[in-house]
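Residues per chain, in single letters:
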Amino acid sequence: MVYTVLEMTQNVQEKTQQKKLYIKTWGCQMNVYDSSRMADILRPLGYAQVDVPEDADMMILNTCHIREKATDKVFSEIGRLKEHKKAKEAKGGQMLMAVAGCVAQAEGDFILQRAPVIDMVFGPQTYHELPEMVLKANGNERVVNTEFPTISKFDNFPEQQNQGAAAFLSIQEGCDKFCTFCVVPYTRGAEYSRPVDKIVEEARQLVDQGAKEITLLGQNVNAYHGENTDGKVWGLGRLIEAVAEVKGVEQIRYTTSHPRDVDDELIAAHRDVEKLAPFLHLPVQSGSDKILKAMNRKHTSDRYREIIADMRKARSDIVFSSDFIVGFPGETDQDHEDTIQLIRDVVFASAYSFKYSARPGTPAANMSNLVRPDVASARLAELQDLITEQYFDFNKSSVGKTMRVLFERTGKKEGQLQGRTPFYQAINVPANERLLGEFVDVKVTSATANALVGEVVTI
Ligand code: 5AD
Ligand code: SF4
């Protein structure tokens, strides 16, 4: 029998009590978002999310495949977590164990073969089919689902549940860029953009639930080309303008973007849309044109510099963050020096940096001319020292300034709230808990390399 999600949800709901759902999430914000959507879709089936794996009725490992030893890490985590399943079964209970995300997509059936405790393996494009999969697994059928279905999972998700004041909204998924080091085009599939009206509607819902900041999410977020109701295709710049018009949206961010898809409209949005935060995460990976070419990035280091300059012209206070890979096959000392020079030229407010690791099935995995691991480690250390220096300098330059901070959560220390500045700096502030979820003017009083401390400005 073919069920629609809704019918099944109702069917199952009638039969179930409150059950515990434990989700462990690795990787990018896309995965964090996916985990919350899985919780949304399982909620009508009676599952409530819990923070600990003990005694859970369902456990989902939402995995990431992007860097080294991803599969090994998942198997060792399964080894650890299966004890909870055994303990529950010893008491006569049942626990479904699932592997989701990009490792699930890449390894599929192999996970079931190697880990008999696993009941379900499903890839990122199938989450809307979860109710059906759970039904099968409860009927003692082991499930593998790594399809790329033709219908959009987005259209089959229930309304989002409260994400708090800083909410994520997925607008685009997948990647057609095929950088030679990257598994994403294989695990997440082709680029897909959601229609404009669906996104604006979801932004309204998020505001109704208390959101004040919305981060537009996509693997290649600025490759966005969604259809509007007038049949025209919109890019990210126009979409940002539309989201900014939603009443109650006070700040907008977007991530992750690609230099190739930065167009004039997006730069104009940074100039014209005040609600767009002055922070841009724009991965460059390398400052060497030879390496950029081998990575199939399809832009040069000068083009990157040009984008940065154009963005700064459009919004003078904007700051940048990036991703870097060191030790890509064929990378010489000179190539590395080119990357260091690019970092010196641009000056970043934060960055993520990684040692290259060959991902099976990607073109770079077959390249020769590998960089010795000790050389790659030394390059990584040099790059990270420089970046740390840059963002410590940026944090220090913030001291004495007053910034609008959205308090997102309680801080680690008693009586403190934690939030982010418009420039995405983490900040801790002694403040009353009633300010949680609010934008508040904060004066920065001190800085470390990783975070700021501030005080609420009272008039
Ligand atoms: N090795 C090292 N880093 C990688 N990344 C993606 N694939 C690899 C790989 N094979 C990094 C890139 C990307 C970030 C999300 O992860 O810098 O931007
Ligand atoms: Fe991977 Fe490149 Fe696509 Fe980013 S743009 S997801 S690095 S293939």
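This part covers the pattern of salt bridges. A full pass over the atoms with the stated rule returns 30 salt bridges. The salt bridge partner of aspartate 55 is lysine 91, with a shortest N-O separation of 3.9 Å. Pair noted here: aspartate 55 is in the loop between β2 (47–50) and β3 (58–63) and lysine 91 is in the loop between α3 (70–90) and β4 (96–100), with a separation of 36 residues, a long-range link. Arginine 253 is the partner of glutamate 213 in a salt bridge, and the nearest nitrogen-oxygen pair spans 3.2 Å. Of this pair, glutamate 213 sits in strand β10 (residues 213–217) while arginine 253 sits in strand β13 (residues 251–255), placing them 40 residues apart in sequence. You'll find glutamate 213 and arginine 253 in the same group, each marked buried.

Looking now at the site of ligand 1. Lining the immediate surroundings of ligand 1 are Ile66, Arg67, Phe181, Gln285, Asp323, Ile325, Phe354, Lys355, Tyr356, Ser357 and Arg359. Between phenylalanine 181 and ligand 1, the recorded distance is 3.0 Å, taken from a backbone N or O atom to a nitrogen atom. Within the backbone of serine 357, one N or O atom sits 2.8 Å away from a nitrogen atom of ligand 1. Within the complex, 88% of the 410 Å² of free accessible area of ligand 1 lies under protein. Contributions of two or more residues to the shell around ligand 1 are made by β15 (319–326) and β16 (350–355). Of the residues contributing to the shell around ligand 1, the split by class is five nonpolar, two polar and four charged.

Residues Arg67, Lys69, Lys73 and Lys355 make up a contiguous surface patch of positive charge. Within the secondary structure layout, lysine 73 lies in helix α3.

Here the focus is the packing of helix α8 (residues 196–208) against helix α9 (residues 236–244). Following both chains from N to C, one finds α8 and α9 inclined at 35°, their axes separated by 10 Å at the closest point. Where α8 crosses over α9, the two elements pack in a sense that is right-handed. Residues Val196, Ile199, Val200 and Ala203 of α8 touch α9, and the partners they reach there are Leu239, Ala242 and Val243. Of the residues belonging to the contact of α8 with α9, the class tally is seven nonpolar, no polar and no charged.

With that out of the way, let us pick up the sheet that holds strand β14 (residues 279–281). The parallel open sheet is built from three strands, whose spatial order is β14-β15-β16. Two strands lie at the open edges of the sheet, namely β14 and β16, each paired on one side alone. Sheet twist, expressed as the average angle between the axes of neighbouring strands with direction ignored, equals 10°. Sheet topology note: the β14/β15 ladder contains three bridges and is parallel. When the sheet's bridge partners are listed, phenylalanine 279 is paired in β15 with valine 319. Seen against the sheet, helix α12 (residues 301–314) touches β14 and β15 and runs at an angle of roughly 165° to β15.

Our focus in this paragraph is the confidence of the model for the chain. Here the chain shows a mean pLDDT of 92. Residues at 70 or above account for 94%. Low pLDDT (under 50) marks residues 1–16, which in the prediction has 17 contacts with non-local residues, meaning those over four places away or in another chain.

With that out of the way, let us pick up the packing of aromatic side chains. A full pass over the atoms with the stated rule returns eight aromatic pairs. When the ring of phenylalanine 328 is compared with that of tyrosine 356, the centres are 5.3 Å apart and the planes differ by 70°; the resulting orientation is edge-to-face. In this pair, phenylalanine 328 sits in the loop between β15 and α13 (333–346) while tyrosine 356 sits in the loop between β16 and α14 (373–398), placing the two residues 28 residues apart along the sequence. For phenylalanine 328, a relative accessible area of 0% gives the class buried. Given the relative accessible area of 15%, tyrosine 356 is considered buried. Among the aromatic side chains, those forming a connected cluster through ring pairs are Phe181, Phe328 and Tyr356.

What follows concerns the nonpolar core. Membership of the largest hydrophobic core comes to 54 residues, with the highest contact counts inside it found for Ile171, Leu216, Leu236, Leu239, Ile240, Tyr254 and Met311. Every residue in contact with leucine 216, bar those within four places of it in the chain, is listed here: Leu169, Ile171, Val221, Leu236, Leu239, Ile240, Val243, Ile252, Arg253, Tyr254 and Thr255. Listed in part, the 23 residues of the second largest apolar core include Ile23, Phe122, Met133 and Phe157.

Moving on: the side chain of asparagine 145. Here asparagine 145 is to be found in strand β6 (residues 143–145). Engagement of the side chain of asparagine 145 in a polar contact is seen with the side chain of glutamate 129, the distance being 2.7 Å. Polar side-chain contacts of asparagine 145 include one of 3.4 Å to the backbone nitrogen of glutamate 147. If near-sequence neighbours (up to four positions away) are discounted, asparagine 145 is found in contact with Val121, Phe122, Gly123, Thr126, Glu129 and Met133.

Turning our eyes to something else, we now look at the environment of glycine 231. Residue placement: glycine 231 occurs in the loop between β11 (226–227) and β12 (233–234). Each C-alpha atom, one on glycine 231 and one on proline 195, is 9.9 Å from the other, the two residues being 36 residues apart in sequence.

Secondary-structure assignment places leucine 266 in helix α10 (residues 264–272). A relative accessible area of 1% places leucine 266 in the buried class. Between the alpha carbons of leucine 266 and threonine 410 there is a distance of 34 Å; along the sequence they are 144 residues apart. If we skip the residues at most four places from it in the chain, leucine 266 touches Asn222, Leu236, Gly237, Ile240, Tyr254 and Met311.

As a further point, take the environment of valine 273. Mapped onto the elements of the fold, valine 273 is located in the loop between α10 and β14. A sequence separation of 118 residues divides valine 273 from tyrosine 391, and the C-alpha atoms of the two residues are 26 Å apart. The residues touching valine 273, leaving out its near neighbours within four places in the chain, are Ile240, Glu241, Ala244 and Arg315.

So, how was this worked out
- Residues numbered from 1 in each chain as written.
- Chains lettered and ligands numbered in written order.
- Predicted model: local features only at pLDDT ≥ 70, side-chain atom pairs only at ≥ 80, totals over all residues.
- Heavy atoms only, no water.
- Salt bridge = Lys/Arg side-chain N within 4 Å of Asp/Glu carboxyl O.
- Helix = DSSP H or I, 4+ residues; strand = E, 2+ residues; numbered from the N terminus.
- Buried < 20%, exposed > 50% of the residue type's maximum accessible area, 1.4 Å probe, protein only.
- Near = heavy atom within 4 Å.
- Polar contact = N/O pair within 3.5 Å; in protein donor to acceptor, adjacent residues only side chain to side chain.
- Areas by Shrake-Rupley, 256 points an atom, 1.4 Å probe, with all protein chains shown as cover.
- Nonpolar A, V, L, I, M, F, W, Y, C, P; charged D, E, K, R; others polar.
- Patch = residues over 30% accessible without salt bridge, like charges linked within 9 Å, V, L, I, M, F, W, Y side chains within 5 Å.
- Lys, Arg positive; Asp, Glu negative; His and termini not counted.
- Charge placed at Lys NZ, Arg CZ, Asp CG, Glu CD.
- Axes fitted to C-alpha atoms, helices over the stretch in contact; angles between N-to-C directions.
- Left-handed = near helix turned anticlockwise from the far one by under 90°.
- Contact = heavy atoms within 4.5 Å.
- Pairing = 2+ DSSP bridges.
- pLDDT = per-residue confidence, 0-100.
- Phe/Tyr/Trp six-rings, centres within 6.5 Å; stacked < 30°, edge-to-face > 60°.
- Core = buried A, V, L, I, M, F, W, Y, C linked by side-chain atoms within 4.5 Å.

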